[in-house]
Amino acid sequence: MRVLVLGAGVLGSYLAHSLIKAGNDVTMLARGKRFEQLNTNGLVIKHYFQKKTTVDIVDVISELKEDDLYDLIFVVMKYNQFPSIYSTLANNISDNIVLVGNNADPKKMESEIQKLSKSKKNIGFGFQTSAGMREDSGRVISIHGKGNVMFGDLNGDLSLQQTFKKAFGTHYKVKIERDIEAWLLTHYVFILPMNSLLYLNDLNTKKISKSKVDLNKMIEATDEGYKVLKENGVNITPVTQGKLISDYRKLYYFAMKIYFRLPMNKVVSGSFDEMVALYNDFQKLKDNTKVNIKNWNELEEESLKKYHINKI
Ligand SMILES: NC(=O)c1ccc[n+]([C@@H]2O[C@H](COP(=O)([O-])OP(=O)(O)OC[C@H]3O[C@@H](n4cnc5c(N)ncnc54)[C@H](OP(=O)(O)O)[C@@H]3O)[C@@H](O)[C@H]2O)c1
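Residues numbered from 1 in each chain as written. Predicted model: local features only at pLDDT ≥ 70, side-chain atom pairs only at ≥ 80, totals over all residues. Heavy atoms only, no water.

## A look at the layout of surface pockets
Then, in step 1: Estimates place the volume of the second largest pocket at around 190 Å³.
Then, in step 2: Forming the boundary of the second largest pocket are A104, D105, P106, E181, L185, Y188, N232, V234, D281, K284 and L285.
Then, in step 3: Among the secondary structure elements, those contributing two or more residues to the lining of the second largest pocket are α6 (180-200) and α11 (272-287).
Then, in step 4: A breakdown of the residues in the lining of the second largest pocket according to their chemical character gives 6 nonpolar, 1 polar and 4 charged.
Then, in step 5: Counting only domains with at least three residues in the lining of the second largest pocket, you end up with domain 1 (2-177) and domain 2 (181-311). (1 Å grid on protein atoms, 1.4 Å probe; cavity = no way out; pocket = protein on both sides within 12 Å on 5 of 7 lines; lining within 4 Å. Points joined across faces, edges and corners; volume = space filled by probe spheres on them. Helix = DSSP H or I, 4+ residues; strand = E, 2+ residues; numbered from the N terminus. Nonpolar A, V, L, I, M, F, W, Y, C, P; charged D, E, K, R; others polar. Domains from an automatic or database assignment.)

Written out as structure tokens, the structure reads:
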């Protein structure tokens, strides 16, 4: 299958590697320095748990032309970066697009792309359970297990689902998420307080894991975020995620304490630009409810204040 991975960062790189392993003809779209690195050195990935480095020779382009035809296009970037490629996707003749990454408003994203397109696109949403960081050399350190990818779409389009499954073949387990919108919304509400805490503590995960006050504030904020989602008619997905926080708070607390102690957290990169975009979109949901979200608001306010001061 001819596949394009648009966005050659941490997750896009591992996704491209997975798709090459599954037997696809993969092209990556990269820009600037990343384009040069991929052309010169290939796709270099250090697999953190597997303790090995792979190098894939991959076709790289810096621009998607109107008549470049792919069976499937994956777009893997930060939430705030997606709008920059809507018109590129809309003008291109390929029909099948899967958007991968954090997403606070998949409906809006899909409708923006459809509005610009001459013909209807098949749009789906994906997520990959991997993480990591990019080194200056271009080598990606990727933290992943055996390989799990998730797919869902807003219209129950089985043909795109089949194409997605075919691309991963038998190498990777594809999980179909029936309510991908609920999953994506739950996920970003889960990670926002966590990322704020990381940002406020200058990524000092050890310090966070020792701070009862910080951990409890983050947990309260997540719970408040879930309440806002529920009041907006969103089912917390997966259900266990909501139950853990409402019914097993102590267990959740210790799980988070351990999570922040894991050495792998040192090689997970985040972006506060993306966080700002996600916080901004959450505002619409907040405005619809009367839920008391004191902890959420405090974390948001404190981290945005620090972010703006650093930007000046
Ligand atoms: N990294 C993690 O540990 C991790 C873990 C879980 C979830 N996630 C989520 O996964 C998503 C993707 O994250 P990531 O870490 O893979 O991001 P990333 O490393 O920053 O990769 C994004 C890539 O997209 C490229 N890009 C952005 N706009 C573009 C454009 N208009 N044209 C061409 N390329 C463009 C960037 O180019 P440049 O090379 O020029 O920057 C970069 O290579 C995010 O939602 C993130 O929060 C990440």
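That covers the picture; the talk isn't over yet.
## Here's the deal with α6
Then, in step 1: For α6, built from 21 residues, the straight-helix expectation of 30 Å at 1.5 Å per residue is met to within 8% by its first-to-last C-alpha distance of 30 Å.
Then, in step 2: Within α6, 18 of the 21 residues are buried, leaving the element largely enclosed by the surrounding structure.
Then, in step 3: Two residues or fewer past α6, D202 is found with a positive phi of approximately 50°. (Expected span 1.5 Å × (residues − 1). Buried < 20%, exposed > 50% of the residue type's maximum accessible area, 1.4 Å probe, protein only.)

## With respect to a positive patch on the surface
Then, in step 1: Together, K206, K210, R261 and K266 make up a region of like positive charge exposed at the surface.
Then, in step 2: If you trace the backbone, K210 turns up in helix α7 (residues 205-210).
Then, in step 3: For K210, a relative accessible area of 60% gives the class exposed. (Patch = residues over 30% accessible without salt bridge, like charges linked within 9 Å, V, L, I, M, F, W, Y side chains within 5 Å. Areas by Shrake-Rupley, 256 points an atom, 1.4 Å probe, with all protein chains shown as cover. Salt bridge = Lys/Arg side-chain N within 4 Å of Asp/Glu carboxyl O. Lys, Arg positive; Asp, Glu negative; His and termini not counted. Charge placed at Lys NZ, Arg CZ, Asp CG, Glu CD.)

## Focus: unusual backbone geometry
Then, in step 1: Backbone torsion omega between T237 and P238 reads 0°, so that peptide bond is classified as cis.
Then, in step 2: Structurally, P238 is set in the loop between α8 (212-231) and α9 (239-247).
Then, in step 3: Phi is positive for K51, which is not a glycine, with a value near 55°.
Then, in step 4: Mapped onto the secondary structure, K51 falls in the loop between β3 (43-47) and β4 (52-56).
Then, in step 5: Non-glycine residue D202 carries a positive phi angle of around 50°.
Then, in step 6: By the element assignment, D202 lies in the loop between α6 and α7.

## Focus: the nonpolar core
Then, in step 1: Membership of the largest hydrophobic core comes to 63 residues, with the highest contact counts inside it found for V75, L89, L99 and Y188.
Then, in step 2: Two domains each provide a minimum of three residues to this core, namely domain 1 (2-177) and domain 2 (181-311).
Then, in step 3: The residues touching L99, leaving out its near neighbours within four places in the chain, are V75, F82, L89, M109, I113, I123, G124, F125 and G126.
Then, in step 4: Formed by 30 residues, the second largest nonpolar core is a distinct cluster that contains V5, A30, F74 and A167. (Core = buried A, V, L, I, M, F, W, Y, C linked by side-chain atoms within 4.5 Å. Contact = heavy atoms within 4.5 Å.)

## Quick notes on the pairing of strand β9 (residues 140-152)
Then, in step 1: The buried count for β9 comes to 10 of 13 residues, which makes it a mostly enclosed element.
Then, in step 2: One ladder, built from 3 bridges, connects β3 with β9; its direction is parallel. Bridging from a neighbouring strand, I45 pairs with V140 of β9.
Then, in step 3: Bridge count for strand β8 (residues 122-134) against β9 is 9 bridges, and the pairing is antiparallel. In the sheet register, R134 faces β9, and the bridge partner there is V140. (Pairing = 2+ DSSP bridges.)

## Points about the domain arrangement of the protein chain
Then, in step 1: Taken domain by domain, the protein chain holds domain 1 (2-177) and domain 2 (181-311).
Then, in step 2: Between domain 1 and domain 2, the contact holds 24 residues from the first and 21 residues from the second.
Then, in step 3: The contact between domain 1 and domain 2 buries some 1,900 Å² in all, and 65% of this surface belongs to carbon and sulfur atoms.
Then, in step 4: The largest share of the area that domain 1 buries against domain 2 comes from Y79, N102 and A104, three residues that together contribute 24% of it.
Then, in step 5: Between domain 1 and domain 2 we count 2 salt bridges in total.
Then, in step 6: A salt bridge links K107 to E181, with the shortest nitrogen-to-oxygen separation between them at 3.4 Å.
Then, in step 7: Mapped onto the side of domain 1 that touches domain 2, the elements with two or more residues apiece are α4 (106-116), β8 and β9.
Then, in step 8: For the side of domain 1 that touches domain 2, the leading source of residues is β8, giving 5 residues.
Then, in step 9: Here the side of domain 1 that touches domain 2 is composed, by residue class, of 15 nonpolar, 5 polar and 4 charged. (Buried area = accessible area lost by both parts, 1.4 Å probe.)

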